[in-house]
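Architecture at a glance
Letter by letter, the chains look like this.
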Amino acid sequence: MGPQGNGFDISVVDAGQKALLVGGGIGVPPLVETAKQLKAKGVEVVSVIGFANKDAVILEDKLRACGEVYVTTDDGSYGIKGYVSTVIDGFDWNPDAVYSCGAPGMLKYVDSKFENHPHAYVSMDRSYGLWYGCLLCLCGSR
């Protein structure tokens, strides 16, 4: 399965503005290239990435090369204990753009939190749908 979709629209932010990237699990990799492109434009990048536990953490170093990074783990084994919402709800600033990719529950939070934001984007990771479909087949459910 190769890249699908159109990527994120980074034309909505300019140098000196601030972008929030929110990723979870296998939704983090698509954010790395977005972070690189935003940094190259002179946009301040803040990433909040969430994982189940320390062993699942990926690409923190790549995102850190582009800006500030907050890592959350469900069990508290690394970074901040909790979900990405634990960090984002504590911010006292508003991003100029929001880019997010990850599990449906996380995306629902981002969608709700930034419902009226003019430049908030969520990317549905196709593999989540495939995974869920496979799980239904394996369990015999329809």
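Here is a short report on the structure shown in this document. (Residues numbered from 1 in each chain as written. Predicted model: local features only at pLDDT ≥ 70, side-chain atom pairs only at ≥ 80, totals over all residues. Heavy atoms only, no water.)

**As for helix α4 (residues 104-113)**
Among the residues of α4, Met106, Leu107, Tyr109 and Val110 are the ones counted as buried. Buried residues along α4 cover an arc of 155° about the axis, so they all sit on one side. Along α4, the residues that are exposed and aim more than 90 degrees away from the buried face are Gly105, Lys108 and Ser112. (Buried < 20%, exposed > 50% of the residue type's maximum accessible area, 1.4 Å probe, protein only. Helix = DSSP H or I, 4+ residues; strand = E, 2+ residues; numbered from the N terminus. Arc of directions from axis to C-beta.)

**A closer look at the pattern of salt bridges**
Under the definition given, this model contains three salt bridges. Across the pair Glu44 and Lys18 runs a salt bridge whose closest N-O atoms are separated by 3.7 Å. Taken as a pair, Glu44 in strand β2 (residues 44-51) and Lys18 in strand β1 (residues 18-24) lie far apart in primary sequence, 26 residues in all. On the basis of relative accessible area, Lys18 is assigned to the buried category, the value being 18%. (Salt bridge = Lys/Arg side-chain N within 4 Å of Asp/Glu carboxyl O.)

**Some thoughts on the sheet that holds strand β4 (residues 80-81)**
The strand order across the open sheet formed by six strands is β4-β3-β2-β1-β5-β6, and the pairing between neighbours is parallel. The open sheet terminates on both sides in strands that have one partner only, identified here as β4 and β6 (120-124). Here strand β3 (residues 67-73) pairs with β4 via two bridges, running parallel. Each residue of the ladder has a partner; that of Thr72, found in β4, is Ile80. Sheet strands touched by helix α1 (residues 29-40): β1, β2 and β5 (97-102). Its angle to β1, the strand with the most contacts, is close to 170°. Here α4 sits on the sheet and contacts β1, β5 and β6; the angle it forms with β5, its principal contact strand, is near 165°. (Pairing = 2+ DSSP bridges. Contact = heavy atoms within 4.5 Å. Axes fitted to C-alpha atoms, helices over the stretch in contact; angles between N-to-C directions.)

**Some words on the side chain of Thr73**
Tracing the sequence through the fold places Thr73 in strand β3. For Thr73, a relative accessible area of 0% corresponds to the buried category. Here the side chain of Thr73 touches Gly76 through a polar contact of 3.2 Å, landing on its backbone nitrogen. Residues within four places of Thr73 in sequence aside, it is in contact with Phe51, Ala52, Asn53, Lys54, Val57, Tyr78, Ile80, Lys81 and Gly82. (Polar contact = N/O pair within 3.5 Å; in protein donor to acceptor, adjacent residues only side chain to side chain.)

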